[in-house]
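Chain by chain, the residues:
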Amino acid sequence: MLRDLQEAYLARNKKLNKVEVMKNSKTPQEAYDMLEEYASKGFDSVPEEDKSYFLKCFGIYYRPATPEKFMLKLRIPGGAMNAEQAKVIGLCAKEFGQNYIDLTTRQQCEIRFLTIESLPIIIKRLDAVGVSAFQTGVDNIRGIVADPFDDMAYDNVLPSHKTLLKLQEKFLGSAEWISTLPRKFNTSITGNYSNRCNAYGNDCCFVLAQKDGIFGYNLYLGGRVGHIAKSADIFLRNEEEVLLAFSTITQLFKQYGFRDNRNKNRLQFLIEAVGMRAMSEAIREHSGVDFAHAGETLTTLDYSEPDHGKVALKDATFGVHAIVPSGIFSGSAMYKAGELAEEYGNGELRFDMEQSLYIMGVKDIDALLEENFFREYKNINTPYLNHLIACAGTAHCPFGVIENKNDAIEMAEYLSETVPLESARVRMYWSACVKGCGIHGVGDLGFEGCKAKVNGLNESGVNIYLGGRLSGESAEGYTIIKSAPLFYAKFYIESLMLEYARMKKPSETFEAFHIRVLRNYTPAYIGFMMMLQSYLRSKKIDVSIGFETKVTTGRNEEFELFELGRKLYYLLAKQEPYSAYERFTNTIKSEELCDIRSLVEGIDENIALMLESILHTDEKRRAVVFSEVSNYIMMYK
């Protein structure tokens, strides 16, 4: 099967992309060795290729959005850090980085607004407490994510953090691995039943499994933004096999990965070219081990702890949650978190995948929560803020299309006021662009930054996704509204949350509500209903129309549209539009549609025109898809 990889490699790699050509011009280490000199000579002494690529190999990102300032992306293995590390990171951000820190979806943190002069000082301080920024950017094996509670949690079967550190030892700081991959390579490992680290969203995933009475890890491969990793049909019995499999996979990717089109160079594309079976056999062949076929995957539960504000640990202490909306943190807060971990906990902190943190080993929760820290970073917030994610956005990222972080917070706060919920879970994940750093695809509701037309002008907008999952083996969501102007998006989501509040069962999560109710409808119906309800509220049209649990339209968009029009007509006019029609063909029995304007005094003209289009007697003139009538209910037209 190695021959299949070789053939795919030769077919694709006829021409190197520009980055690969640049990578051949010098080693990253040469750029890193110049850091002291760049610091002494100033920003203008840094070559363009070092700013754009080579320094990123060591987590040093130049951001044009903040002229002459750099971001330092730190490697926090599995989100685990101690109080001393937290305090040093906090002091560095406070002294050199305008007191600003971002927490990320990969359980890491970023210090921003750094001058070139400050970088050598910061790096030395971080090195002294065991914090590295090496290989956290570009074509490297990035920070490995894991369950933040690992062996401390009651649902842990296989403690994995020590294995994670051994995986990291294989590449960290090694010239053999710095910038030698075709593209970035993300890894996850968890020995827990709950999926607290987006385990299936990585190139290489080791997840808890059982086979023949033995607990081990099933291997999943090829995950990235927009794609959930698939089973490689390999079961790894122990740490030795995990380390061997990881070494083999990274070697194969390094040797056979594509180096032509950077947009199609992730591991997933190599797997697509040869097939997962061939990839799995190549792993067995290259490693010299006939790994067992996959067992039963056990990491299938959702991440629920933020809803409770704490998690009970095996040693009779607690991990206490602190919500950091959109991951916007500060050096002062990081330092304080370290102090609180020392005073109330066991000196350990954990970052989670939702840009928040836990203080671990806490015995006196009530005393800890009295601290001012929890006035700003609440232990439990509203369901819209408990699981909120938002990536960097235009303020810090050159790819961002919308501001994002504050957009996410604004919507969450708006919904908290207009549709308060109890005993609910709603995961809203925001990405500022298609690159998807806010993992919008696996959110209950996902938002992807884009441009939207309002009165002929480009404004900030979002594509709205629905139905992403962390439970099971995870799932990507689907689009329900494209290019929604950002200002109006909150009204559309408000419609959906009003329906959730109206129809939810006690303690029903939004994911469960989506499975029970929303999956009975087409994506087009869901998006249209959200916009229709928003329009009706804006025009103060008091009519109750929404989703139902008993649906007879069979997810057929034409039937859905006609049935919706019929119901709305009846609710407004208090009579059916037609005396009879064929339910499964929408054929009218030789009858003219009565103009609803004659039945409802002062009816909104857009609604009248929309119903006329949906219910038209002439089938050839009748709308059959929602996009044909959506313009009638655009709030901004």
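Note: the structure precedes this text.
What comes next is a walk through the structure. (Residues numbered from 1 in each chain as written. Predicted model: local features only at pLDDT ≥ 70, side-chain atom pairs only at ≥ 80, totals over all residues. Heavy atoms only, no water.)

### A few points about the overall build of the chain
Broken down by element type, the chain carries 21 helices and 21 strands. The C-alpha atoms of the chain give 27 Å as radius of gyration, which agrees with the globular expectation for 637 residues (26 Å, within 12%). Referenced to the eigenvectors of the C-alpha coordinate spread, the extents of the chain come out at roughly 80 × 60 × 55 Å. Sequence-distant contacts, at least 24 apart, represent 69% of the contacts inside the chain between residues at least 6 apart. For the chain, the accessible surface area stands at approximately 25200 Å², while carbon and sulfur atoms represent 49% of it. Side-chain charges of the chain comprise 74 positive and 85 negative groups, with the mean position of each set lying 3 Å from the other. (Helix = DSSP H or I, 4+ residues; strand = E, 2+ residues; numbered from the N terminus. Rg over C-alpha atoms; globule rule 2.2 N^0.38 Å. Contact = heavy atoms within 4.5 Å. Areas by Shrake-Rupley, 256 points an atom, 1.4 Å probe, with all protein chains shown as cover. Lys, Arg positive; Asp, Glu negative; His and termini not counted. Charge placed at Lys NZ, Arg CZ, Asp CG, Glu CD.)

### Remarks on empty space enclosed by the protein
The full count for this structure, using the stated rule, is 3 cavities of 30 Å³ or more. If you add up the space inside the second largest cavity, you get close to 40 Å³. Taken together, R63, T66, K69, F70, M71, R112, F113 and H396 form the lining of the second largest cavity. When residues of the lining of the second largest cavity are traced back to their parent elements, those giving at least two are strand 2 (70–74) and strand 5 (109–114). Here the lining of the second largest cavity is built from residues that sort into 3 nonpolar, 2 polar and 3 charged. (1 Å grid on protein atoms, 1.4 Å probe; cavity = no way out; pocket = protein on both sides within 12 Å on 5 of 7 lines; lining within 4 Å. Points joined across faces, edges and corners; volume = space filled by probe spheres on them. Nonpolar A, V, L, I, M, F, W, Y, C, P; charged D, E, K, R; others polar.)

### Digging into the layout of surface pockets
A water-sized probe rolled over the atoms picks out the places where empty space is left. By volume, the second largest pocket amounts to about 460 Å³. Residue lining of the second largest pocket: 25 residues in total, with Q533, S544, I545, G546 and F547 positioned closest to the centre. Of the residues belonging to the lining of the second largest pocket, the class tally is 11 nonpolar, 5 polar and 9 charged.

### A look at the environment of L561
Relative to the elements of secondary structure, L561 occurs in helix 20 (residues 557–573). For the pair L561 and V629, spaced 68 residues apart in the sequence, the C-alpha separation amounts to 9.6 Å. Contacts of L561, omitting those with residues within four sequence positions, involve I614, A623, V624, V625, F626 and V629.

### Notes on the packing of aromatic side chains
Inspection of the entire model under this criterion finds 30 aromatic pairs. Taken together, a centroid distance of 5.2 Å and an interplanar angle of 50 degrees make the contact between F43 and Y62 tilted. Placement of F43 in the loop between helix 4 (35–41) and helix 5 (48–52) and of Y62 in strand 1 (residues 60–62) is noted, with a sequence separation of 19 residues between them. For the pair formed by F43 and Y62, the shared burial category is buried. Aromatic ring contacts, followed pair by pair, group Y521, Y525, F528, F547 and F626 into a single cluster. The lysine or arginine in question, K51, covers the ring of Y62, its NZ or CZ lying 5.4 Å from the ring centre. One cation-aromatic arrangement involves K490 over F491; the distance from NZ or CZ to the ring centre is 4.9 Å. (Phe/Tyr/Trp six-rings, centres within 6.5 Å; stacked < 30°, edge-to-face > 60°. Buried < 20%, exposed > 50% of the residue type's maximum accessible area, 1.4 Å probe, protein only. Lys NZ or Arg CZ within 6 Å of the ring centre and 35° of its normal.)

### Details of the packing of helix 10 (residues 267–274) against helix 11 (residues 276–287)
Orientation of helix 10 relative to helix 11, taken along the N-to-C sense of each, is 105 degrees, at an axis distance of 6 Å. With respect to helix 11, the axis of helix 10 lies roughly perpendicular. In this structure, helix 10 contributes L267, L270, I271 and V274 to the contact, and helix 11 contributes M276, A278 and M279. Along the lines of polarity and charge, the residues of the contact of helix 10 with helix 11 split into 7 nonpolar, no polar and no charged. (Axes fitted to C-alpha atoms, helices over the stretch in contact; angles between N-to-C directions. Parallel < 35°, antiparallel > 145°, perpendicular 65-115°, else oblique.)

### Section: the environment of A245
Structurally, A245 can be placed in helix 9 (residues 239–256). A245 gets classed as buried once you look at its relative accessible area, which sits at 0%. Excluding anything up to four places from it in sequence, A245 contacts F206, L236 and F291.

### Here's the deal with the pairing of strand 16 (residues 357–362)
In terms of burial, strand 16 is a largely internal element, 6 of the 6 residues being buried. Two elements, strand 13 (residues 318–322) and strand 16, share 4 bridges in a ladder whose sense is antiparallel. When the bridges of strand 16 are listed, A322 appears paired with L357. When strand 15 (residues 348–351) meets strand 16, the two strands line up antiparallel, connected through 3 bridges. Counterpart to F351 in the pairing with strand 16 is L357. Two successive antiparallel strands, strand 15 and strand 16, enclose a turn made up of 5 residues, where Q355 displays a positive phi of approximately 65 degrees. (Pairing = 2+ DSSP bridges.)

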